[in-house]
Amino acid sequence: MTNDASLDRTETMELRRLYKELRLLTNGVACDGDAKSLRAIMKSGAENGCYERDRFGFHPLLRSMSTAVELCRGISADRNMVIAMLLYNLRDESGVMAEQIKAFADEDILKIVSGLKKVDELYSRHAAVANENFRNLMLTFAEDIRVIIIMIIDRLVLMRAINHHEQEEQVRQVAVESNYLYAPLAHRLGLYKIKGELEDMSLKYTNRDMYTRIARKLNETKRSRDAYIESFIKPVKAALEKEGLKFEIKGRTKSIYSIWNKMMKQHNDVEQIYDLFAIRIILDVPINRERSECWLAYSIVTDMYQPNPARLKDWLSVPKSNGYESLHITVLGPQDKWVEVQIRSERMDEIAETGVAAHWKYKGIKSENNLDTWMNHVRDILEEAESGPMELMKNLKMDIYNKEVFVFTPKGDLYKLPAGATLLDFAFNIHSKLGCSCAGGKVNGKSCKINYKLKSGDTVEVLTSANQQPKLDWLSIVVTSKARNKIRQAVNEINNRTAELAKELLQRRFKNRKIETDESTMMKVIKKMGYKTVTDFYNAIASEQIDVNDVIAQYEVVEQKAEVVSERTSAEEFTMQPTVKDDDSPGDVLIIGENVKGMNYRLAKCCNPIYGDDVFGFVSSEGVIKIHRKNCPNAAHIHDRYPYRIITTRWSGKAGSHFVSTLRVIGYDDIGIVTNITSIISKESRASLRNISIDSHDGMFDGYLVVGVENKETLDMLIKKITTVKGVKNVQRSN
């Protein structure tokens, strides 16, 4: 390969031939002086070194001329598209050609040239073309559907030219791109012949042995294949006409690529592929008789040829989710060859080919819904315009992705984000750790802040700092739900860690003052000081909004008041009175003291013991025995100050009623999570939901569930099940 941009003798002769053909093809659309002006511009470009051979050594002028001729042959002899194709590959680094082109080309031509250059620049990013976002970004960059059509035709010309080229790896790369990118686009635009040729050549260049093998198998010569299809159709046609049906029959041999694709899906050899031949029967029938006549045609075909019942596909009774309707059957035709027969009405065929259930969907090409309708509209213009379809496309803007942006990493990886997304959104989209430590970035080589709004085509590099931490005000910068959730989650985790450190600090201060802390008393202090949650309270200590000494002082005041209330009745003054059992007692299921039943008792509200808990009795100043759990927050205080009031207690028999217990549930504030939790409780025959309260803040929820359960075993099982709910972080008894 040589970088010399001068044409050799063979190339010059080919260029002249193409030029003459192009003059004939554009005879009806070219303006006076077009040829003269173009020759002058191209000559000046050659003299100023504005042409540079491509990676395969092809001269850009020769390739542009070939593309222009193919465009006129296969699509439309459109003046502006042809001129733009011939001008866009001039490498005008010095600006020498700019004035000449501007003087000759109008605004519409310059717009097409600009779109072609933008798409060309996109390839220079070395992005992975086998990426759904690359196709979207290419459509966004093109801005004009005519640019995409030119690119498809240009790729067809290139694919034809690189057969047996010495640079095998580059040929393979182009073939893969063509199959992934250009063949689906061609199909969407209704350019079926181009799509088929691109797919076949792609297989040829990536797996030449398989291509040759299938081609040899099919090559019974076109005449013999056509003769076979004719021999299959002839008796079917006669039988359909005898029944008085109006119809059209189309017969074709499947493409090499289509056969190979089926071999891969079915894990079969070419000899085992059922439907190398395909017949389509299209009935001209009113909509109210579509199904009955389709089934009539089916019975005619299957009476004539042996069907394979396993291959029957009835999309008449139940159409595909995309609206596709048809009846497919595979039958054994003459010479024991399998033939696929598709039976449908004209309406069904039109929908399958050009309507909401476009045929490319049926073949399984992944789609974007907003692209579907738009591409079908373009296809209608191409197929139905009587003359000059490209003229109608001048004002057809490619704004189908105006709600999204497509950006690159420095390595060329391509990402899609919603319009308005910032550099911080991009960082969280890559990885949550990258987002949490994002301190800024570089966009197209320039330093930017985290609130920079991304534009399609930007190359973004994220800069991090070990000292950076997420902040709640970041929520006003990002637009993606992923970034919002990760920021809230990270901030909550930071707050929880900070609260734990502050709690340890407070406990050390209490220990230094030789004060034993009680959790219930501390909760009273927190509430008295005006804090809704424990985390907020300890974060206030960490941020020095409140002084630790003030907290200790408040604690001592609350504790002293509690002691005064508790000591109003002394142990000597207390005598146990035989009274009727309190309503709070769940039943005679306790043995108090030395195997004594029937004594008056209550379940302590501070810890709500339930059947199965390890418990002890405490003779209260009210003359009632209060039953506490042994791990009650007040247990240590009671044992230290009133050991003479403690009575050994244990459960007896079986629980006969529900006990009340409170569960604290912490988790992510996701849609449906509360419904899932309550659903679990409602399904438990031995448990019931008495009350529920939920507090949501910064994407997290903190809830309290009051449940009725028969015993501790039931409660433990309920806790285990609630823990499995997606989004729940922690479940525990709150008393």
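The structure under discussion appears in the preceding block.
Residues numbered from 1 in each chain as written. Predicted model: local features only at pLDDT ≥ 70, side-chain atom pairs only at ≥ 80, totals over all residues. Heavy atoms only, no water.

Enquirer: Looking at this structure, I do not really get the pattern of salt bridges. What am I missing?
Expert: Counting across every chain of the model gives 22 salt bridges. When the shortest N-O distance is used, the salt bridge between R63 and D54 registers 3.0 Å. A salt bridge links R347 to E325, with the nearest nitrogen and oxygen atoms 3.1 Å apart. Of this pair, R347 sits in helix α15 (residues 346-354) while E325 is found in the loop between β4 (313-314) and β5 (327-332), placing the two residues 22 residues apart along the sequence. A relative accessible area of 14% means that E325 is categorised as buried. Counted as one network, the salt bridges with shared partners bring together E14, R17, E21, E70, R73, R160 and E197. (Salt bridge = Lys/Arg side-chain N within 4 Å of Asp/Glu carboxyl O. Helix = DSSP H or I, 4+ residues; strand = E, 2+ residues; numbered from the N terminus. Buried < 20%, exposed > 50% of the residue type's maximum accessible area, 1.4 Å probe, protein only.)

Enquirer: When you look at the sheet that holds strand β9 (residues 438-443) in this model, what are you seeing that I'm missing?
Expert: Sheet strands pair by backbone hydrogen bonding; their relative direction is either parallel or antiparallel. Overall, antiparallel pairing links the 3 strands, which are arranged β10-β9-β11 in an open sheet. Either end of the sheet is taken by a strand with one partner, and the two such strands are β10 (446-448) and β11 (460-464). Pairs of neighbouring strands in the sheet enclose a mean axial angle of 30 degrees, with direction left out of account. Pairing analysis gives 3 bridges linking β9 to β10, with the strands arranged antiparallel. When the bridges of β10 are listed, G441 appears paired with C448. Together, β9, β10 and β11 form the strand contacts of helix α18 (residues 423-430), whose direction differs from that of β9 by roughly 105 degrees. (Pairing = 2+ DSSP bridges. Axes fitted to C-alpha atoms, helices over the stretch in contact; angles between N-to-C directions. Contact = heavy atoms within 4.5 Å.)

Enquirer: It is not clear to me how the side chain of T649 should be interpreted in this structure. Could you clarify?
Expert: In this structure, T649 sits in strand β16 (residues 646-651). Within polar-contact distance, the side chain of T649 engages the backbone nitrogen of G617 at 3.1 Å. Here the side chain of T649 touches I647 through a polar contact of 3.1 Å, landing on its backbone oxygen. When sequence neighbours within four positions are dropped, the list of residues in contact with T649 reads L590, I591, I592, V615, F616, G617 and I627. (Polar contact = N/O pair within 3.5 Å; in protein donor to acceptor, adjacent residues only side chain to side chain.)

Enquirer: Would you explain the environment of L122 in this entry?
Expert: Here L122 lies in helix α6 (residues 107-123). Along the primary structure L122 and G457 are separated by 335 residues, whereas in three dimensions their C-alpha atoms are 7.8 Å apart.

Enquirer: Where do I start with the packing of helix α3 (residues 60-74) against helix α4 (residues 79-87) in this structure?
Expert: Packed helix pairs are specified by the crossing angle of their axes together with the interaxial distance, meaning the distance between the axes. For the pair α3 and α4, the least separation of the axes is 8 Å and the interaxial angle reads 165 degrees. By the criterion of interaxial angle, the relationship of α3 to α4 is roughly antiparallel. Judged by the sense of rotation from one axis to the other, the crossing of α3 with α4 is right-handed. Residues S64, M65, T67, A68, L71 and C72 of α3 pack against M81, V82, M85 and L86 of α4. Its residues assigned to classes, the contact of α3 with α4 shows 8 nonpolar, 2 polar and no charged. (Parallel < 35°, antiparallel > 145°, perpendicular 65-115°, else oblique. Left-handed = near helix turned anticlockwise from the far one by under 90°. Nonpolar A, V, L, I, M, F, W, Y, C, P; charged D, E, K, R; others polar.)

Enquirer: Looking at this structure, how should I read a negative patch on the surface?
Expert: A cluster of acidic side chains, namely E248, D284, E346 and E350, defines a negative patch on the protein surface. Structurally, the position occupied by E350 is in helix α15. (Patch = residues over 30% accessible without salt bridge, like charges linked within 9 Å, V, L, I, M, F, W, Y side chains within 5 Å. Areas by Shrake-Rupley, 256 points an atom, 1.4 Å probe, with all protein chains shown as cover. Lys, Arg positive; Asp, Glu negative; His and termini not counted. Charge placed at Lys NZ, Arg CZ, Asp CG, Glu CD.)

Enquirer: Can you walk me through the sheet that holds strand β12 (residues 590-592) in this structure?
Expert: Taken in spatial order, the 5 strands make up an open sheet running β12-β16-β14-β15-β13, and their pairing is mixed. Of all the strands in the sheet, just β12 and β13 (601-603) have a single pairing partner and so form its edges. Across this sheet, the average inter-strand angle for adjacent strands is 35 degrees, counted without regard to direction.

Enquirer: Explain the packing of helix α8 (residues 145-161) against helix α10 (residues 192-206) here, please?
Expert: The geometry of α8 relative to α10 is characterised by a closest axis approach of 10 Å and an angle of 35 degrees between their N-to-C directions. For α8 against α10, the interelement crossing comes out left-handed. Judged by residue contacts, I152, I153, R155, L156, M159 and R160 of α8 engage I194, E197, L198, M201, S202 and Y205 from α10. Of the residues belonging to the contact of α8 with α10, the class tally is 8 nonpolar, 1 polar and 3 charged.

Enquirer: Explain the side chain of R629 here, please?
Expert: For R629, the position within the fold is in strand β15 (residues 625-629). D613 provides the closest opposite charge to the buried, salt-bridge-free R629, at an N-O distance of 4.1 Å. Polar contacts involving the side chain of R629 include one to the main-chain carbonyl oxygen of C607, which spans 2.8 Å. Reaching out from R629, the side chain makes a polar contact with the side chain of N631 at a distance of 3.0 Å.

Enquirer: Help me understand the nonpolar core, please; the structure alone is not making it clear to me.
Expert: In terms of nonpolar packing, the biggest core is built from 60 residues, with L22, L87, I149, I152, M159, I162 and I194 touching the most fellow members. Per element, the largest residue contribution to this core is 11 residues, and it comes from α8. The next biggest cluster of nonpolar side chains, apart from the first, holds 31 residues, and it includes Y601, V619, V707 and V709. (Core = buried A, V, L, I, M, F, W, Y, C linked by side-chain atoms within 4.5 Å.)

Enquirer: Honestly, a nonpolar patch on the surface in this entry has me stumped. Any pointers?
Expert: Taken together, V674, L689, I692 and I694 make up a surface patch of nonpolar side chains, about 270 Å² in accessible area. Considering each element in turn, the nonpolar patch owes the most residues, 3 residues, to strand β18 (residues 687-697). Position of I694 among the secondary structure elements: in strand β18.

Enquirer: What is the right way to look at the pairing of β5 in this model?
Expert: Side chains on a regular strand alternate between the two faces of the sheet. Within β5, 5 of the 6 residues are buried, leaving the element largely enclosed by the surrounding structure. Here 2 bridges tie strand β3 (residues 306-307) to β5, and the two strands are oriented antiparallel to one another. Looking at the pairing, P307 lines up with V331 of β5. When β4 meets β5, the two strands line up antiparallel, connected through 2 bridges.

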